[in-house]
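Residues per chain are reported as follows:
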Amino acid sequence: MAVSVYIPQPFRRFTANREYVEVDGGDVAGVLDAVNARYPGFDMLVYDRERRVPAHINIYVNNQEIHELDGISTAVGDGDQIAVIPALAGGAAPSTALTPDEAMRYSRHIIMPQVGSIGQRKLRNAKVLIVGAGGLGSPVAIYLALAGVGTVGLVDFDVVDLSNLQRQLLHQTEDVGRTKLDSAVDTLHAYNPHVRVVTHPAPLHSENALEIIGDYEIIVNGADNFATRYLVNDAAYLLGKTLVDGSILLFDGQATVFKPGEGCYRCLYPAPPPPGLVPSCAEAGVLGAITGIVGSIQATEVFKQILDIGRPLVGRLLLIDALTMEFREMKLRRDPACPLCGDEPSVVELIDYDAFCGSPPLEAPTANGGGH
């Protein structure tokens, strides 16, 4: 019976750098013996002197740990997959091994060569702030929690309204009238009790933004007003933080990533539009599903930043037209004349963003807390 065995990166030097090895065997022990027969020395990696699987090695059959089955006597069939996952240490990831519950919960990540146990621990050690617990913040927060991002911060001061439920996945009908943060905490912990959710129940403004944003590594902007968007951009740049930006309206969405020294929101939009020129979602409407598309893209960009993999949306603006289901990409370049990140910046500290955008100040709890 052909069984596929996933070989983790540190062990591939014993298997001619093969990621997967297909062998025949009726149980886990037989499969491991078959791998060792093809690549002598492999058994020294997965067994101790008494031919027991040591505590620093986890073996999975179809993503289920064998200690929960019949150990190395666990039967396998044609097409099954075995994964040998060692405890690893290195880089910025914490040295604490994943618990059995975490290993099972994140097994689909762990068997991915781009993630593995080191990457999963990087996710567990990450701190990400989401501005707005609404349309964009909902899918971002949910996917970060599901993926095991260790600390998820949420900024919002709004309460759940019935009109939010068309698109804001963090909240349900029984949450109407509750604060969005209370609702969000319950939802995220229901998905994953391991995640630490930190709430910031106040509008972001020039006096508190640096303190709040400074505690996090990556910032996700899901704000629904221009004043907050410019504030978050400026604060992230001044603090040297990566900003994952997204916006939506009607059937359209935008997403990009700003890293200090490689452009910012002001390079893209040097000044906000005149008040009233661009309608808000509350005025013009928004397709609920577009929030899921853009929010999922933002979450994916967060994962890529944490894991340092792939090609991020840095220097690229992704435009989504859900009505025609067309994706377009525009190049973004740092503007040498940008007042924030240019060669001779004039914005060197946070300013009055309500005055800059010509908008009234946000006031809790009647104003929207920033979440489309």
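Residues numbered from 1 in each chain as written. Predicted model: local features only at pLDDT ≥ 70, side-chain atom pairs only at ≥ 80, totals over all residues. Heavy atoms only, no water.

S.K.: Teacher, can you tell me more about the overall build of the protein chain here?
M.R.: For the protein chain, the helix and strand inventory stands at 13 helices and 13 strands. Counting only C-alpha atoms and orienting by the principal axes, one finds that the protein chain spans roughly 75 × 50 × 40 Å. For the protein chain, long-range pairs separated by at least 24 residues make up 67% of all intrachain contacts whose partners lie at least 6 apart in sequence. Accessible surface computed for the protein chain: about 16,800 Å², of which carbon and sulfur atoms make up 53%. (Helix = DSSP H or I, 4+ residues; strand = E, 2+ residues; numbered from the N terminus. Contact = heavy atoms within 4.5 Å. Areas by Shrake-Rupley, 256 points an atom, 1.4 Å probe, with all protein chains shown as cover.)

S.K.: What exactly am I supposed to notice about a nonpolar patch on the surface here?
M.R.: A surface patch of nonpolar side chains, amounting to about 350 Å² of accessible area, comprises L250, F251, L287 and L323. Among the secondary structure elements, L323 is positioned in the loop between β12 (316-321) and β13 (326-331). Overall, the relative accessible area of 61% leaves L323 in the exposed class. (Patch = residues over 30% accessible without salt bridge, like charges linked within 9 Å, V, L, I, M, F, W, Y side chains within 5 Å. Salt bridge = Lys/Arg side-chain N within 4 Å of Asp/Glu carboxyl O. Buried < 20%, exposed > 50% of the residue type's maximum accessible area, 1.4 Å probe, protein only.)

S.K.: I keep staring at the pattern of salt bridges and nothing clicks. Help me out?
M.R.: This model, assessed by the stated rule, comprises 12 salt bridges. For R51, the salt bridge identified is with D33, shortest N-O distance 2.3 Å. In this pair, R51 sits in the loop between α2 (43-46) and β3 (57-61) while D33 sits in helix α1 (residues 28-38), placing the two residues 18 residues apart along the sequence. Residue R316 is joined to E329 by a salt bridge in which the shortest nitrogen-to-oxygen separation is 2.9 Å. Residue R316 is found in strand β12, and its partner E329 is found in strand β13; the two are separated by 13 residues along the sequence. Given a relative accessible area of 10%, R316 falls into the buried group.

S.K.: So what exactly am I meant to see when it comes to the pairing of β3 here?
M.R.: Side chains on a regular strand alternate between the two faces of the sheet. For β3, a buried count of four out of five residues is recorded, marking the element as mostly surrounded by other parts of the structure. Pairing between β3 and strand β5 (residues 81-86): five bridges, direction antiparallel. Its bridge partner lying in β5, V61 is registered against I82. Judged from the two bridges that link them, β3 and strand β4 (residues 64-65) form a sheet pairing that is antiparallel. In the strand pairing of β4, V61 is matched with Q64. In sequence, β3 turns back onto β4 through a hairpin of two residues, with N62 there showing a positive phi of about 50°. (Pairing = 2+ DSSP bridges.)

S.K.: Hey, could you run me through the sheet that holds β4 in this one?
M.R.: Backbone hydrogen bonds hold the strands of a sheet together, and the pairing may be parallel or antiparallel. Here we have five strands laid out as an open sheet, ordered β2-β1-β5-β3-β4, and mixed in their pairing. Strands with a single pairing partner mark the edges of an open sheet, and in this sheet they are β2 (20-24) and β4.

S.K.: Hey, could you run me through the domain arrangement of the protein chain in this one?
M.R.: It is common to report an interface's size as the accessible area lost on association of the parts. In terms of domains, the protein chain is made up of domain 1 (2-102) and domain 2 (126-356). Relative to domain 2, the C-alpha centre of domain 1 lies at a distance of 40 Å. (Domains from an automatic or database assignment.)

S.K.: Got a minute to help me understand the sheet that holds strand β6 (residues 127-131) in this structure?
M.R.: Strand order in the open sheet formed by eight strands is β8-β7-β6-β9-β10-β11-β12-β13, and the pairing between neighbours is mixed. Looking at strand neighbours, the two that pair on one side only are β8 (196-200) and β13, the edges of this open sheet. Across the sheet, the mean angle separating the axes of adjacent strands is 15° when strand polarity is ignored. Alignment of strand β11 (residues 252-258) against β12, held across four bridges, turns out to be antiparallel. Bridged to G253 within β12 is I320. Here helix α7 (residues 180-191) sits on the sheet and contacts β7 (151-155) and β8; the angle it forms with β8, its principal contact strand, is near 175°. (Axes fitted to C-alpha atoms, helices over the stretch in contact; angles between N-to-C directions.)

S.K.: Got a minute to help me understand the packing of aromatic side chains in this structure?
M.R.: Two numbers describe a pair of aromatic rings. These are the distance of the centres and the angle of the planes. Scanning the model with the defined rule gives four aromatic pairs in all. Three or more aromatic residues link up through ring pairs in this structure, and these residues are Y230, Y265, Y269 and F356. Stacked on the ring of Y216, the Lys or Arg K127 has its end atom at 5.8 Å from the ring centre. Here the guanidinium or amino end of R266 rests over the ring plane of F356, the centre of that ring lying 4.8 Å away. (Phe/Tyr/Trp six-rings, centres within 6.5 Å; stacked < 30°, edge-to-face > 60°. Lys NZ or Arg CZ within 6 Å of the ring centre and 35° of its normal.)

S.K.: I keep staring at the confidence of the model for the protein chain and nothing clicks. Help me out?
M.R.: Interpretation of the predicted coordinates at a detailed level should be avoided for regions scoring low in pLDDT. Overall, the predicted model of the protein chain reaches an average pLDDT of 88, with 92% of residues at or above 70. When the criterion is pLDDT under 50, residues 364-369 qualifies, and its contacts beyond four places in sequence or with other chains add up to 16 contacts. (pLDDT = per-residue confidence, 0-100.)

S.K.: I'm lost on the side chain of R167 in this one. Help?
M.R.: On the secondary structure map, R167 appears in the loop between β7 and α7. Despite its burial, R167 pairs with no opposite charge; the closest candidate is D224, at 7.0 Å N-O. A polar atom in the side chain of R167 sits 2.9 Å from the backbone oxygen of S163. When neighbours within four sequence positions are excluded, R167 is seen to be in contact with G135, V286, G288, T291 and H372. (Lys, Arg positive; Asp, Glu negative; His and termini not counted. Polar contact = N/O pair within 3.5 Å; in protein donor to acceptor, adjacent residues only side chain to side chain.)

S.K.: What is the right way to look at α7 in this model?
M.R.: Helical geometry: 3.6 residues make up each α-helical turn, so side chains three or four residues apart lie on a common side. A rise of 1.5 Å per residue sets the reference length of α7, with its 12 residues, at 16 Å; its end C-alpha atoms lie 16 Å apart and thus fit the reference within 8%. Residues of α7 that are buried include every one of K180, L181, S183, A184, V185, T187 and L188, and no others. Its buried side turned inward, α7 meets α6 (137-147), β7 and β8. (Expected span 1.5 Å × (residues − 1).)

S.K.: I would appreciate a short explanation of the packing of α6 against helix α12 (residues 288-307) in the present structure.
M.R.: Working note: a packed helix pair is described by the angle between its axes plus the distance between those axes. Remark: α6 packs on α12, axes separated minimally by 8 Å, with the N-to-C direction vectors making an angle of 40°. Considering the angle they form, α6 stands oblique to α12. Crossing angle aside, the handedness with which α6 passes α12 is right-handed. Here P139, V140, Y143, L144 and A147 of α6 come into contact with α12, specifically with T291, G292, G295, S296, Q298, A299, V302 and F303. In terms of residue class, the contact of α6 with α12 is made up of eight nonpolar, five polar and no charged. (Parallel < 35°, antiparallel > 145°, perpendicular 65-115°, else oblique. Left-handed = near helix turned anticlockwise from the far one by under 90°. Nonpolar A, V, L, I, M, F, W, Y, C, P; charged D, E, K, R; others polar.)

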